[in-house]
Amino acid sequence: MVPGFSHALMALAMIGQASAAPSHARSSATCGTVQFDFPAGTNKNDPRAEAVKQAYVREWNEYSKYAFPNDDLLPITHNYTNDLFGWGATVVDAIDTAVVMGLTDIVEQQLKHIASVDFKKSAYLVDFFDVNIRYIGGLLSAYDLIKSGDFPNPYDDDLVEALLSQAKSLATAISPVFDTVTGLPVANLNFTSGELVQSTTTVNGTQYNSTNTAQAGTMILEYYRLSDLTGDESFREHAQKAEGYLINPSPAPAFPGLVGTELDTETGKFITLDGGWEAGVDSFIEYLIKTYVYDRDDSLASNMKDFWITTAESSIENIALHPYNQPQITFLSQLDVNGSIMWTMDDYACFAGGNLLLGGKYLDRPDITELGVKVADSCHLWYNQTLTGLGPSSIGWYNASNQPYDSSYNNATYRAEASKYGYFIEDPSYRSYPEPLESIFYAYRVTGDERWQDYNWEIFNALNTTRSKSVPYAEITDVNEPYGGTLVNYVSSFYFAEVLKYLYLSFAEPDVVSLDKYVFNTECHPFTIKKAC
Ligand SMILES: *[C@@H]1O[C@H](CO)[C@@H](O)[C@H](O)[C@H]1NC(C)=O
Ligand SMILES: *[C@@H]1O[C@H](CO)[C@@H](O)[C@H](O)[C@H]1NC(C)=O
Ligand SMILES: *[C@@H]1O[C@H](CO)[C@@H](O)[C@H](O)[C@H]1NC(C)=O
Ligand SMILES: *[C@@H]1O[C@H](CO)[C@@H](O)[C@H](O)[C@H]1NC(C)=O
Ligand SMILES: *[C@@H]1O[C@H](CO)[C@@H](O)[C@H](O)[C@H]1NC(C)=O
Ligand SMILES: *[C@@H]1O[C@H](CO)[C@@H](O)[C@H](O)[C@H]1NC(C)=O
Ligand SMILES: *[C@@H]1O[C@H](CO)[C@@H](O)[C@H](O)[C@H]1NC(C)=O
Ligand SMILES: *[C@@H]1O[C@H](CO)[C@@H](O)[C@H](O)[C@H]1NC(C)=O
Ligand SMILES: *[C@@H]1O[C@H](CO)[C@@H](O)[C@H](O)[C@H]1NC(C)=O
């Protein structure tokens, strides 16, 4: 979800390992039902869904009172910040959650604001990645959900149509980012001067103009939807051109399907080998299978699906690892810039559980689904074992020879944590991250096993208790201190978009935003699948 943070040689001999691995016959069923066949009446009137809805109402009211229509709420000082270009990020990110919950008065307030924004102007330097996942994703999702007939729609038609016209207006305004030699998008655009502001990465002493993999590979789902809804093919074409560099990587990645995080925007070549499912790569992998679920008749989407299968098989083969003496735990390691295994994992990579479950079920690949369950279970441990019941931002572990990646990780504190938890905590903060909740939600919808609902209910209660101590909803600095250590004066818009939506949907009736009718963008914004199975 956040592309900016990249963390970190396998010889060419390693390449081809996945294809040499036991080959699973490609199933002829390339389109399958994702959701478990739930009995009628499942979750009817579940009070847990109502409790999450009440949390949304309380927290929206707080935002509305102190921050509306600015980007984000500062909950401790009762103020706001405009850190997402000043168009009201929380309003746009939060609206589809309110639609799904049937909170029509709140949606009305949100629709009116959205129709009034001039998305062609911003006093801030505009970041393409966040524009796409939060704003364009949020607008298209609210449009699809309201138009679906699945939710109450007492709204003024013009306000609903404005969701789509505003998405198109914003995507058009940001389109100069594609104006590079390769067509790979530049990270930032100054809306006032029209100036493109390149990101740069220095490798072996040379500075490259660069984009990261998540940035280049995450707009494709939103842009396919936008082209399909507006009839304007230019969005699809931009996304397809960028995607081509990613699924035909040059040079080859350290392990098949596990591309690095940084590309040279001048040549389209990868300049680092730090693959894995972590920040910087994450939503590129996520969209490989989701674009196929969205439009399985599209030929590029079909190639993306094949690349995703390689990524999943290579993950099983190379980076799905158990900590020393903990065979019941399975983590997905990140690789360093030279492609070496690090035995570390960030919170972002915890989305992999849900993504492997979605793709494994859709493609009828039980080996992939099984890895999804293991990763979802292992990420749940991050939450279940702490004092607050909330999970840390990143962890690491001792490998099969009982050694860490970095010798400085060999200290008494980390050793003690590893003997207690099975891994050590690298970054103990909790920043309203949704990924473990997301994977738990998928695990519930795919397997039907109620234990996953119990996990998300425990997490909801941990959030509610930890954050109610003084000021609700603030981020925290240490998941193992009472009430989370120090409260951070910030509520991210993705708390409304993702955390509350995944929690709510875990307890709502399973046909509310069914995974067989909708596919979610990386910010938890559901789009109507073009051609459902
Ligand atoms: C609230 O934030 C605004 C914008 O940053 C600032 O101008 C104002 O002084 C702040 N108000 C308080 C009471 O801190
Ligand atoms: C954007 O460009 C304008 C006009 O050239 C300039 O004044 C402003 O400082 C730039 N903004 C950023 C954030 O670079
Ligand atoms: C990087 O981009 C800037 C313009 O944004 C350009 O002036 C510069 O030549 C580029 N650098 C390389 C190495 O291509
Ligand atoms: C950096 O140096 C390493 C070791 O020589 C080499 O394998 C790698 O390809 C270099 N990376 C780039 C982008 O030049
Ligand atoms: C990667 O390889 C380069 C070139 O050999 C080396 O300078 C650098 O220290 C290595 N980086 C890591 C994180 O291992
Ligand atoms: C851990 O999970 C168990 C079983 O679901 C539960 O009883 C316990 O309360 C959980 N602990 C936390 C901190 O969530
Ligand atoms: C564990 O890590 C150490 C230090 O990085 C390395 O030398 C060793 O080969 C690794 N063991 C395994 C089984 O990967
Ligand atoms: C253990 O190692 C980590 C990572 O280098 C470091 O942040 C931490 O402070 C160390 N703890 C102690 C007690 O040395
Ligand atoms: C969550 O916290 C609020 C505020 O403290 C409280 O009113 C509400 O009952 C709590 N919800 C649950 C389900 O415990």
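Predicted model only: the values in this text are computed from it and were never measured.

(A) Looking closely at the state of the cysteines. Evaluated as defined, the whole model comprises one disulfide. The side chain of Cys 350 participates in a disulfide bridge whose partner is Cys 379; the two sulfur atoms lie 2.1 Å from each other. As the torsion about the S-S bond is roughly -85°, the Cys 350-Cys 379 disulfide counts as left-handed. One end of the pair, Cys 350, is in the loop between β11 (344-346) and α12 (352-362); the other, Cys 379, is in helix α13 (residues 366-384), with 29 residues separating them in the sequence. Assessed through its relative accessible area of 0%, Cys 350 is described here as buried. What makes Cys 379 buried here is its relative accessible area of 1%. Cys 350 supplies the cysteine sulfur nearest to Cys 524, a cysteine that is in no disulfide, at a spacing of 16 Å. Residue Cys 524 is classed as buried on the basis of its relative accessible area, which comes to 0%.

(B) Here's a closer look at unusual backbone geometry. At the junction of Phe 68 and Pro 69, the peptide bond is cis and its omega measures out at -5° in the coordinates. A cis geometry characterises the amide bond from Ser 250 onward to Pro 251, with omega recorded as -10°. Tracing the chain through its elements places Pro 251 in the loop between α9 (234-247) and β8 (262-264). Of note, Trp 343 is a non-glycine position whose phi angle comes to about 55°, a positive value. Phi is positive for Asp 364, which is not a glycine, with a value near 55°.

(C) Focus on the sheet that holds strand β4 (residues 188-190). Here three strands make up an open sheet; going across it, the order is β3-β4-β5 and the pairing antiparallel. Lying at the two open borders of the sheet, with one neighbouring strand each, are β3 (125-127) and β5 (196-197). With three bridges connecting them, β3 and β4 associate as antiparallel partners. Bridging from a neighbouring strand, Val 126 pairs with Leu 189 of β4.

(D) Highlighting the packing of helix α8 (residues 220-230) against α9. Two elements in contact, α8 and α9, have axes whose closest approach is 8 Å; the angle formed by their N-to-C orientations is 155°. When the interaxial angle is binned, α8 and α9 end up roughly antiparallel. Both α8 and α9 take part in a crossing whose hand is left-handed. On α9, the residues touching Ile 220, Tyr 223, Tyr 224, Leu 226, Ser 227, Asp 228 and Thr 230 of α8 are Phe 235, Arg 236, Ala 239, Gln 240 and Glu 243.

So, how was this worked out
Residue positions within a chain follow its written sequence, with the count starting from 1. For this description, chains carry letters from A and ligands carry numbers from 1, given in the order in which they are written. Local features in this predicted model are restricted to residues of pLDDT 70 or higher, and side-chain atom pairs are both shown and tallied only at a pLDDT of 80 or more, whereas totals for entire chains, interfaces and linings draw on every residue. Side-chain descriptors were evaluated using all non-hydrogen atoms of the structure, hydrogens and water having been removed beforehand. Only a pair of cysteine sulfur atoms within 2.5 Å counts as a disulfide in this structure description. Every helix listed is a DSSP run of H or I at least four residues long, and every strand listed is a run of E at least two residues long, numbered separately from the N terminus. Any residue under 20% of the maximum accessible area for its type is buried, any over 50% is exposed, and the rest in between are partly exposed; the area is computed with a 1.4 Å probe on protein chains only. Any two strands with at least two DSSP bridges between them are considered paired. Only C-alpha atoms enter the line fits that serve as axes; for helices the fit covers just the stretch in contact. Angles between N-to-C directions range over 0 to 180 degrees. Put simply, angles under 35 degrees are roughly parallel, angles over 145 are roughly antiparallel, angles from 65 to 115 are roughly perpendicular, and the rest are oblique. Crossing handedness follows the turn of the near helix against the far one: under a right angle anticlockwise gives a left-handed crossing, and clockwise gives a right-handed one. Whether two residues are in contact is decided by their heavy atoms: any pair within 4.5 Å suffices.

Keep in mind that these numbers describe shape and distance, not what the molecule does.
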